[in-house]
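Chain by chain, the residues run as shown.
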Amino acid sequence: MSDRWRIGLLVNPYAGLGGPLALKGSDGCAVQALQAGAVPQAAVRATQAILALQPWWPQIDWLTGSGPLGEAVLAALGLPAQCCHHAQPAGGLQSQAEDSRQLAARLAAQSPDLLLFAGGDGTARDVLSGAGVQQAVLGIPAGVKMQSAVFGHTPQASGLLAARFLSGSRRITAQQEVMDLDEAALRQGRVQAALFGYMATPVDPRYLQAGKSRAPEGDRVQTEAIATRVQEQLSPGVAHLLGPGSTTYAVKRLLGGGSLLGVDVWQDGHWRVQDATEAQLWQQVQQGPCQAWVSCIGGQGHVFGRGNQQFSPRILQRLGPVAVTVLATPGKLQSLGGRPLLIDSGDPLLDAAFAGMARVWTGYRDEVRYRLRGEPPPADDAAQ
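Residues numbered from 1 in each chain as written. Predicted model: local features only at pLDDT ≥ 70, side-chain atom pairs only at ≥ 80, totals over all residues. Heavy atoms only, no water.

## A short note on helix H9 (residues 246–255)
Under the convention used in this document: Summary of the burial criterion: residues with accessible area below 20% of their type's maximum are buried, those above 50% are exposed, and those between are partly exposed, where the area comes from a 1.4 Å probe applied to protein chains only. The secondary structure listing takes helices from DSSP runs of H or I that are at least 4 residues long and strands from runs of E that are at least 2 residues long, numbered from the N terminus.
Buried within H9 are the following residues: Thr247, Thr248, Ala250, Val251, Lys252 and Leu255. A positive backbone phi angle near 85° is found at glycine 256, which sits one or two residues after H9.

Below, the structure is given as structure tokens:
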């Protein structure tokens, strides 16, 4: 095995744009999101992953695509790269989904030791289409939903997992699911997930997120008990920010409305905002006391950073950990298999500040303290 590593880098520059705007995804709405003021974050997320690889930079040869497809990220870090594909601007955008598919195919043809891509579930599908099932692939989470089991918990976790994989004497991968939701159906409040295939991905549960699991059938009674408790304890004069998901939706149903997949604001017997954007939440948290009620994703454990990017770093900073209560049935916690709850807000320092023992309501009178992790294990532990 060569001492040098060859890494292919693919960045979907428009991944995740729709999250803060409550668009439930970015497929087909990048222009709309940009016109509404969305700020691309995929390059930032890719940079965070590459910085986690900094101790190994001298031994890495980079392959990538032109400009926004990866070359710009590496150039900003002073890292030379071989360009394998030139982006084709169209429709007011610097690149298209077809660029991701073509770049993935050309990177795979070069047989890199690992293909790193920054994006969400839609980008994972494009990489699968272009690179196939044999190429070792790892996702840097930069999308909105990310139900596929090919992403690191955070960008830093992706970088550290890449280092563990590439420095190992045996580079072991497993075929991990590539899942995606129908975003058009999502915007209408319907959840339709589908399996699109598998990709060979380095595995280590400390760094790689698991696939999303569905709630057990027996969870309905526990969910309703949690919802009743929340309804009885909604303090007057406080704006209550209710996150997306089936657990919080049970609360919303008791209150007579709200969205399944959005963040809604309830105060003093009325819905102040339904399916709020990040900007609307920011306006809300500046007006007075707020309390956030959120759930975690079954099987994955993310409390923030998956499907609820309306809770941006500045909003979480304003709220602080004390103003956040996690709602999760015992079955949902059991689905984590002892792994911690996770936060991936986009600000590693903020994530670290939220880390600790989180308060989790699990029933009408039941609650537990459960570990919330804000950053991956340190780099020293990643190096084999």
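## Regarding helix H5 (residues 121–131)
Residue pairs spaced three or four apart in an α-helix point in one direction, given the helix's 3.6 residues per turn. Burial analysis of H5 places eight of its 11 residues in the buried class, which makes it a mostly covered element. One or two steps after H5, the chain reaches glycine 132, where phi turns positive at roughly 85°.

## Points about the sheet that holds strand E1 (residues 5–11)
Note: strands within a sheet are paired through backbone hydrogen bonds, in either parallel or antiparallel orientation. Counted only if it meets this: For two strands to be treated as a pair, DSSP must find at least two bridges joining them. For helices, the axis comes from a line fit to the C-alpha atoms of the stretch in contact; other axes are also lines fit to C-alpha atoms, and the angle between any two N-to-C directions lies between 0 and 180 degrees. Contacts between residues were defined by any pair of non-hydrogen atoms, one from each residue, lying within 4.5 Å.
A sheet is described by the order of its strands in space; here five strands give the open sequence E3-E2-E1-E4-E5, paired in parallel fashion. In this open sheet, the two edge strands, each paired with only one partner strand, are strand E3 (81–85) and strand E5 (137–141). Each adjacent strand pair in this sheet contributes to an overall mean axis angle of 25°, direction not counted. Pairing geometry for strand E4 (residues 114–119) and E5, over five bridges, is parallel. Across the sheet, glycine 119 pairs through a bridge with proline 141, a residue of E5. Against the sheet, H5 touches E1, E4 and E5, its axis set at about 150° to E4. Along the sheet, helix H6 (residues 155–167) makes contact with E1, E4 and E5, crossing E5 at roughly 160°.

## Focus on the pairing of strand E16 (residues 367–373)
Looking at chain direction, strand E14 (residues 341–343) and E16 are connected through two bridges and run parallel. Its bridge partner being in E16, leucine 342 is matched across the sheet by arginine 373. Bridge count for strand E15 (residues 356–361) against E16 is six bridges, and the pairing is antiparallel. Within E16, the position partnered with alanine 358 by the bridge is tyrosine 370.

## A look at the pattern of salt bridges
Operational definition: A pair is scored as a salt bridge if a Lys or Arg side-chain nitrogen falls within 4 Å of a carboxyl oxygen belonging to Asp or Glu.
Within the structure shown, the criterion is met by 14 salt bridges. Between aspartate 180 and lysine 145 there is a salt bridge, with the nearest N and O atoms lying 4.0 Å from each other. In this pair, aspartate 180 is assigned in strand E6 (residues 173–181) and lysine 145 in the loop between E5 and H6, connecting sequence segments 35 residues apart. Residue classification places aspartate 180 among the buried residues on the basis of a relative accessible area of 1%. By relative accessible area, which is 11% here, lysine 145 ends up buried. Where aspartate 264 meets lysine 252, a salt bridge forms, and the shortest distance between an N and an O atom there is 2.9 Å. Here the residue aspartate 264 occupies a position in strand E9 (residues 264–267), and lysine 252 occupies one in helix H9, the gap between them amounting to 12 residues.

## What to know about the sheet that holds strand E10 (residues 270–273)
Overall, mixed pairing links the nine strands, which are arranged E10-E9-E8-E11-E13-E15-E16-E14-E12 in an open sheet. Of all the strands in the sheet, just E10 and strand E12 (302–304) have a single pairing partner and so form its edges. Here the average twist between neighbouring strands, direction ignored, is 35°. Packed on one face of the sheet, helix H8 (residues 219–232) meets strand E11 (290–295), strand E13 (324–327), E15 and E16 and runs near 95° to E15.

## Observations regarding the packing of aromatic side chains
The line we're drawing: Aromatic contacts are taken between Phe, Tyr and Trp rings whose centres are within 6.5 Å, Trp giving its six-membered ring; a plane angle under 30 degrees counts as stacked, one over 60 as edge-to-face, and the others as tilted.
With the rule as written, the count across this model stands at six aromatic pairs. One aromatic cluster is present, formed by Phe304, Phe311 and Phe354 through successive ring pairs.

## Here we look at the pairing of E3
Definition in use: A crossover gets the label right-handed when its path from the first strand over the helix to the second runs clockwise, viewed with the strands pointing away from the viewer.
Judged from the four bridges that link them, strand E2 (residues 60–65) and E3 form a sheet pairing that is parallel. Considered in E3, the bridge of leucine 63 is made with glutamine 82. Between the parallel pair E2 and E3, the chain is carried across by helix H3 (residues 71–76), and the sense of this crossover is right-handed.

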